Amino acid sequence: MIRTTLIKSTASPALRLGLSSSPLRSRSVLALTLGSHTHVSRQLSTSSMRPNESILTTKQSHNESTEGHNLKHEVREVPLKEGTGSRLTQHDAVSTVPVMVRGDWVLFHPVYSPEELKAVEVLHRNPKTLGDKFAAGLVKLSRRIFDFVSGYKHNTNPPAPGMTLEELRKAGYMLSEKQWLERILFLESIAGVPGMVAATLRHLTSLRLMRRDSGWIHTCLEEAENERMHLMTFMTLRQPSIFFRLMILGAQGVFYNLFFLSYLISPKICHRFVGYLEEEAVVTYTRCIADLEAGKIPEWTNLPAPEISIDYWRLHPDAKLLDVLYAVRSDETTHRFVNHSLANLNPATDVNPFALREPDMHVKGAKIEQVILIWP
């Protein structure tokens, strides 16, 4: 018998950052017990930190349940078929986690309140340095090319008044649900690359130089997994064709290697590039939400949220796809805020505060970046 227990982590409230004193998002730690009642918990200690890290605090947990969200701890038992032994050793296993364990095995990610979901603003950071201008120009060029290839024209004022939804879609002024889904799947398959590249390179640097990373790897991995979970969520709505998969394979191969080489040269410009890329992601999801709420994507109006999204973002059991889009947009806003803020730091020497604490969406949604002040 495999027993699983969800354990809430605790942390000290001490913090000296120019971030926010707003409530922190919840975080659960998954403990797996095979044939016993032993609980395994992850503990984050500040005793071994360097002097300039000791002023930071771990991401705290809170016991309150966000309105409409059930965050109660559960103990779930997964029965095994007689004579099969542990299902984790079976050749047809699709995961190293039992089927009934859902959601809490992933890395830290925010769970948003209804007020936070509505607090997102479409913002743009004006480029200041030559590197900023290069990153912003590259993102703008990439967006224009992608819009041209996909035939998308965003125009709030159709050329001919009284055009039907079908006519607007054929003219390229509105996307159908299939086109929206293809656009989202393509973008999310690419968006999960930068965080993993950055985490890999920093991980290897830490091993090679035999020194601590100051929390950057953690945040980069969280971003990569979060983007991957976006992809896994929308994949439940439609399985892409072979041609679409080959297109993603080619794009990912080119982008991964280019970003890998670029991060070796200038991590700051790379994080700025991701910040501008996430600005465009926020714009994309904002437009998609607006179209859905305006009845321009009727196929999605009452579409239930995929089960994976309900587990991941702690949505209501009867949540709709619109709720998922709001949650994904908030995630992209987080990446926008974090990457623009990381681009303001020295990646070789500065501590990454976001590995320990993040402000809530009332801050991240209304500010494009954070000037981080750390003092002894």
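Residues numbered from 1 in each chain as written. Predicted model: local features only at pLDDT ≥ 70, side-chain atom pairs only at ≥ 80, totals over all residues. Heavy atoms only, no water.

Peer 1: Report on the side chain of S189, specifying residues and quantitative values.
Peer 2: Along the chain, S189 turns up in helix α4 (residues 177-191). Apart from residues no more than four positions distant in its own chain, S189 is found in contact with L231, I248 and Q252. (Helix = DSSP H or I, 4+ residues; strand = E, 2+ residues; numbered from the N terminus. Contact = heavy atoms within 4.5 Å.)

Peer 1: Account for the UniProt feature "binding site: Fe cation 1" (unreviewed entry) in the protein chain, with residues named and values stated.
Peer 2: Using the residue numbers shown here, the UniProt feature "binding site: Fe cation 1" (unreviewed entry) corresponds to E188, E227, H230 and E332. The named residues occupy 145 residues along the chain; their greatest pairwise C-alpha distance, 10.4 Å, places them in one compact cluster. Look past the residues within four positions of E188 in its chain and what remains in contact with it is E227, H230, L231, Y285, V328 and E332. Reaching out from H230, the side chain makes a polar contact with the side chain of E188 at a distance of 3.4 Å. (UniProt positions renumbered as here; feature names shortened; annotations may be inferred. Polar contact = N/O pair within 3.5 Å; in protein donor to acceptor, adjacent residues only side chain to side chain.)

Peer 1: Tell me about the UniProt feature "binding site: Fe cation 2" (unreviewed entry) in the protein chain, and name the residues and values.
Peer 2: UniProt records the feature "binding site: Fe cation 2" (unreviewed entry) at E227, E278, E332 and H335, using the numbering of this structure. A maximum C-alpha distance of 11.0 Å places the annotated residues, which cover 109 residues in sequence, within one compact spot. Among residues more than four places away in sequence, those in contact with E332 are E188, E227, H230, E278, A281, V282 and Y285. Summarising the element assignment, H335 is placed in helix α10 (residues 321-342). The residues contacting H335, other than those within four sequence positions of it, are E223, N226, E227 and E278.

Peer 1: Outline unusual backbone geometry, supporting the account with residue identities and numerical values.
Peer 2: Phi is positive for M210, close to 55°, though the residue is something other than glycine. With respect to the element layout, M210 can be found in the loop between α5 (193-209) and α6 (216-235). Take M210: its relative accessible area is 76%, and that puts it in the exposed class. The backbone of R314 sits at a positive phi, close to 55°, despite the residue not being glycine. Among the structural elements, R314 can be located in the loop between α9 (307-313) and α10. (Buried < 20%, exposed > 50% of the residue type's maximum accessible area, 1.4 Å probe, protein only.)

Peer 1: Give a description of a nonpolar patch on the surface that names residues and reports values.
Peer 2: Together, F134, L138, L141, I145, F148, V149 and I269 line one region of the surface with nonpolar side chains, adding up to about 740 Å² of accessible area. Looking at the nonpolar patch, the element that brings in the most residues is helix α2 (residues 130-150), giving 6 residues. Structurally, the position occupied by V149 is in helix α2. Given the relative accessible area of 64%, V149 is considered exposed. (Patch = residues over 30% accessible without salt bridge, like charges linked within 9 Å, V, L, I, M, F, W, Y side chains within 5 Å. Areas by Shrake-Rupley, 256 points an atom, 1.4 Å probe, with all protein chains shown as cover. Salt bridge = Lys/Arg side-chain N within 4 Å of Asp/Glu carboxyl O.)

Peer 1: With reference to specific residues and values, describe the nonpolar core.
Peer 2: By size, the foremost hydrophobic cluster in this structure holds 55 residues, and its most contacted members are F234, F259, W300, W313 and V324. Elements with a minimum of two residues in this core: α2, α4, α5, α6, α7 (242-265), α8 (267-293), α9 and α10. With 9 residues, α8 is the largest single contributor of residues to this core. Aside from chain neighbours lying at most four places away, what touches F234 is L181, I184, L185, Y285, L321, V324, L325 and V328. (Core = buried A, V, L, I, M, F, W, Y, C linked by side-chain atoms within 4.5 Å.)

Peer 1: Outline the packing of aromatic side chains, supporting the account with residue identities and numerical values.
Peer 2: Tallied over the entire structure, the rule returns 9 aromatic pairs. Pairing F234 with Y285 gives two aromatic rings, centres 6.5 Å apart and planes at 25°, and the pair type is stacked. On the criterion of sequence distance, the pair formed by F234 in helix α6 and Y285 in helix α8 is long-range, its members being 51 residues apart. Under the relative-accessibility criterion, F234 is labelled buried at 1%. On the numbers, 6.4 Å between centres and 20° between planes, the contact of Y256 with F260 is stacked. A residue pair is termed a helical-turn pair when its members lie 3 or 4 positions apart in one helix, as Y256 and F260 do in helix α7 at 4 residues. Exposure remark for Y256: the relative accessible area of 30% places this residue in the partly exposed category. Of the aromatic side chains, those joined through ring pairs into one cluster are F255, F259, Y263 and F273. (Phe/Tyr/Trp six-rings, centres within 6.5 Å; stacked < 30°, edge-to-face > 60°.)

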